[in-house]
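One-letter residues, chain by chain:
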Amino acid sequence: MWSDVAQRPAVPAPLATDATDAPQRKASAVTQGFLQIDRLSKAFVPAKPVFADVSFTLDKGEFVCIIGHSGCGKTTILNVLAGLDTATSGTVIMDGREVAGPSLDRGVVFQSHALMPWLTVRQNIAFAVKSRWPDWKKSQVDTHVEKFVALVGLSPAIDKKPSQLSGGMKQRVGIARAFSIQPKMLLLDEPFGALDALTRGTIQDELMAIVRQTQQTVFMITHDVDEAILLADRILLMSNGNETPEGYRPGGIAEVVVNPLPRERTRASLHHLDGYYALRNHIVDFLVTRAKAH
Ligand SMILES: Nc1ncnc2c1ncn2[C@@H]1O[C@H](COP(=O)(O)OP(=O)(O)OP(=O)(O)O)[C@@H](O)[C@H]1O
């Protein structure tokens, strides 16, 4: 089902098991893609890597979500992609260059918005823009900041400080800031995790519109199956490390699911689309039966 090969089907393809499509995934993982992750592993405790042999790629303009139970290593992978942490082994190549530290080429949004509380919305975003383009004049910075604040619908609040904003508004500022530096890749770690369902839905729609408009490449962690189905072109299903009768087995990418739903989907239309329930059930089944015992 929805196997990760070069061809992206428009309708659900017949079921392909992990075992049968894994070799194809590995071959494509190291030869194609704007972002190439090759045999990544991370061990905080030497004998028990959290995950091992993690290989996948992202094409330019692609939106990929990773889903898996708590502790499987999603944030660790995202931190390695961001250059905020190092892997124990393996490589990350973005746009032909190895990721070896943080860079303004990668915008990161965490669950906690991480805004500077003493600065206004405008100043928070301008800070990032000035870091990216130190030679820009104030008027240039202002115009650029205003454009991205408008994109997330926050123009009326541009001169407010974070303490004067709701949780959803703060998260929008974080998203505007990440987009404003026009990174080559956006890394999102459960950016809507702390928001109520209504706000979450609205911002999901906004994010999707901006991503489509800017052709942004996105890697996002989520625990929400519907969020992944709405936003992602592909969904990486990640298993946890676990003890087996043969000994400890590290976690890893158990399966890559290609989203067969039309890209123009919306939250409102999602559950009316052919293939939605099959896709959802497949992911939920993975989380219930396979994610912790592979
Ligand atoms: N700095 C660290 N030192 C030691 N262990 C760590 C460190 N960071 C993470 N871990 C461990 O590595 C494992 C993976 O953590 P990580 O935060 O990447 O998981 P996750 O899948 O993102 O979880 P969640 O969904 O709960 O955020 C966990 O068991 C965690 O305790």
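Thresholds applied
Residues numbered from 1 in each chain as written. Predicted model: local features only at pLDDT ≥ 70, side-chain atom pairs only at ≥ 80, totals over all residues. Core = buried A, V, L, I, M, F, W, Y, C linked by C-beta atoms within 7 Å. Buried ≥ 20, exposed ≤ 12 C-beta atoms within 10 Å, placed from the backbone. Helix = DSSP H or I, 4+ residues; strand = E, 2+ residues; numbered from the N terminus. Domains from an automatic or database assignment. Contact = placed C-beta atoms within 7 Å. Near = placed C-beta within 6 Å. Nonpolar A, V, L, I, M, F, W, Y, C, P; charged D, E, K, R; others polar. Pairing = 2+ DSSP bridges. Axes fitted to C-alpha atoms, helices over the stretch in contact; angles between N-to-C directions.

With 69 residues, the main nonpolar core has C65, L81, A176, L187, F219, I235 and L236 as its most contacted residues. Looking at this core, the element that brings in the most residues is helix α5 (residues 167–180), giving six residues. A domain split of this core shows at least three residues from each of domain 1 (1–105 + 185–193 + 206–294) and domain 2 (108–182). L81 has contacts with V92, V99, L187 and F219, leaving out every residue within four places of it along the chain.

Another aspect to go through is the site of the ligand. Taken together, F44, V50, G68, S70, G71, C72, G73, K74, T75 and T76 make up the full set of residues adjacent to the ligand. For the shell around the ligand, the element with the most residues is helix α2 (residues 74–82), which contributes three residues. Of the residues belonging to the shell around the ligand, the class tally is three nonpolar, six polar and one charged.

Our focus in this paragraph is the sheet that holds strand β1 (residues 35–42). Backbone-to-backbone hydrogen bonds join strands into a sheet, with any given pair of strands oriented parallel or antiparallel. In spatial order, the strands read β2-β1-β4-β5; together these four strands make up an open sheet with antiparallel pairing. The open sheet has two free edges, formed respectively by β2 (51–58) and β5 (97–98), since each of these has just one partner strand.

Let us now look at the pairing of strand β4 (residues 89–94). Of the pairings in the sheet, the one linking β1 to β4 comprises five bridges and is antiparallel in character. Opposite L35, over in β4, you have M94 as the bridge partner. Looking at chain direction, β4 and β5 are connected through two bridges and run antiparallel. What sits directly across from I93, in β5, is E98. Counted along the chain from β4 to the antiparallel partner β5, the turn is two residues long, and its residue D95 has a positive phi close to 50 degrees.

Another aspect to go through is the environment of M185. With respect to the secondary-structure elements, M185 resides in strand β7 (residues 185–189). Exposure remark for M185: the 23 C-beta atoms within 10 Å place this residue in the buried category.

Here we take up the sheet that holds strand β3 (residues 63–68). Strand order in the open sheet formed by six strands is β6-β7-β8-β3-β9-β12, and the pairing between neighbours is mixed. Whereas interior strands pair on both sides, the edge strands pair on one side only; in this sheet they are β6 (106–109) and β12 (252–258). Mean inter-strand twist for the sheet, computed between neighbouring axes without regard to direction, equals 20 degrees. Pairing of β6 with β7 involves four bridges; the strand directions are parallel. Residue pairing in the sheet places V108 in a bridge with L187 of β7.

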